[in-house]
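# Survey of secondary and tertiary structure
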Amino acid sequence: MVDHLEISRTPIREALMRLAAEGLLVKRGSRSFAVRGVSAAEFFQSIRIREILECEAITLAHNKIDKDRILALRRSVVELGKYPEQTAAHWKLDDQLHQMFANASGNIVLSRTITDLRTSTRLCEVTNPLGRVPASTAEHLALLDAFLDEDVESAKTAMLNHLRNVASDCVATLRGM
């Protein structure tokens with residue numbers, strides 16, 4: 001593979017070590033890595049902590065995010081919502097939305113913790129993002145609209161609904177296995 005990519009082994013080794021340090025990969029034997037698995041229990045525990053922390057981030061972000069930024073993000077949500085297949089662009093937009101509140105909170109530990117928890121929930125193998133695009137679009141719009149209206153409580157409720165719906169979809173996937 002290294003020859004096919006026409007790069008030396010050193011940058012690949014460094015990238016693998018960085019991904020392992022970030023908790024995305026685990027070492028398997030002396031020369032191989034695998035994507036870190038996340039159990040259903042860890043997924044649900046992470047979602048529960050995200051509920052608490054992301055709602056706190058919304059509270060702390062109140063009056064700290066430029067409305068034009070929120071409106072631009074809202075337009076992107078609407079535009080991507082037209083495409084029901086989950087793509088890298090959907091994941092990127094999802095990261096932008098959730099991290100916007102965390103970063104605007106002014107609490108770097110809160111922001112970093114939310115990032116780590118989002119990684120854990122994304123690594124769970126039982127989740128199936130297919131079919132979530134229409135629901136996520138509606139949930140994200142409800143959250144952004146409430147925040148634009150400066151209704152922090154409704155924005156927090158929208159975030160809770162969104163995260164709980166993600167968890168419910170995971171339960172439905174587990175039951176179907």
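Residues numbered from 1 in each chain as written. Predicted model: local features only at pLDDT ≥ 70, side-chain atom pairs only at ≥ 80, totals over all residues. Heavy atoms only, no water.

### Quick word on the overall build of the protein chain
Scanning the protein chain for helices and strands turns up eight helices and two strands. Listing each helix as α and each strand as β along the protein chain from the N terminus yields α-α-β-β-α-α-α-α-α-α. Just so you have it, the protein chain exposes about 10,400 Å², and 55% of that area is on carbon and sulfur atoms. (Helix = DSSP H or I, 4+ residues; strand = E, 2+ residues; numbered from the N terminus. Areas by Shrake-Rupley, 256 points an atom, 1.4 Å probe, with all protein chains shown as cover.)

### Some thoughts on the pattern of salt bridges
Summed over all chains, the structure comprises 11 salt bridges. With a closest N to O distance of 2.5 Å, Asp-95 and Arg-118 form a salt bridge. Of this pair, Asp-95 sits in helix 5 (residues 88-104) while Arg-118 sits in helix 6 (residues 108-123), and the two are 23 residues apart along the sequence. Residue Arg-118 is classed as buried on the basis of its relative accessible area of 7%. Each of the salt bridges in this network shares a partner with another, and the network as a whole consists of Arg-48, Glu-51 and Arg-164. (Salt bridge = Lys/Arg side-chain N within 4 Å of Asp/Glu carboxyl O. Buried < 20%, exposed > 50% of the residue type's maximum accessible area, 1.4 Å probe, protein only.)

### Focus on the packing of helix 5 against helix 7 (residues 133-148)
Taken N-terminus to C-terminus, the directions of helix 5 and helix 7 make an angle of 30°; their axes are 12 Å apart at the nearest point. With respect to helix 7, the axis of helix 5 lies roughly parallel. Along this stretch, helix 5 crosses helix 7, giving a crossing that reads as left-handed. For the pair helix 5 and helix 7, the contacting residues are His-90, Asp-94, Leu-97, His-98, Met-100 and Phe-101 in the first and Val-133, His-140, Leu-143, Leu-144 and Phe-147 in the second. Looking at the contact of helix 5 with helix 7, its residues break down into seven nonpolar, three polar and one charged. (Axes fitted to C-alpha atoms, helices over the stretch in contact; angles between N-to-C directions. Parallel < 35°, antiparallel > 145°, perpendicular 65-115°, else oblique. Left-handed = near helix turned anticlockwise from the far one by under 90°. Contact = heavy atoms within 4.5 Å. Nonpolar A, V, L, I, M, F, W, Y, C, P; charged D, E, K, R; others polar.)

### Some points on unusual backbone geometry
Within the chain, Asn-63 stands out as a residue other than glycine whose phi angle is a positive 65°. Note that Asn-63 resides in the loop between helix 3 (40-61) and helix 4 (67-80). Classification of Asn-63 by relative accessible area gives exposed; the value is 59%. Here Glu-150, not a glycine, exhibits a phi torsion of approximately 60°, which is positive. Position of Glu-150 relative to the elements: it lies in the loop between helix 7 and helix 8 (152-176). Relative accessible area serves as the criterion here: at 43%, Glu-150 is assigned to the partly exposed category.

### Quick word on the nonpolar core
If you look at the biggest cluster of nonpolar residues, it comprises 35 residues, and the most contacted ones within it are Ile-58, Ile-65, Phe-101, Leu-143, Leu-144 and Phe-147. With residues up to four places along the chain from it excluded, the contact list for Ile-58 reads Phe-101, Leu-143, Phe-147, Val-152, Ala-155, Lys-156 and Met-159. (Core = buried A, V, L, I, M, F, W, Y, C linked by side-chain atoms within 4.5 Å.)

### Some remarks on the environment of Arg-50
Its place among the elements puts Arg-50 in helix 3. With 71 residues separating them in the primary sequence, Arg-50 and Thr-121 have C-alpha atoms 9.6 Å apart.

### Points about helix 7
Between the first and last C-alpha of helix 7 there are 22 Å, a value that for 16 residues agrees with the 22 Å anticipated at 1.5 Å per step. In this fold, the buried residues of helix 7 make contact with helix 3, helix 4, helix 5 and helix 8. (Expected span 1.5 Å × (residues − 1).)

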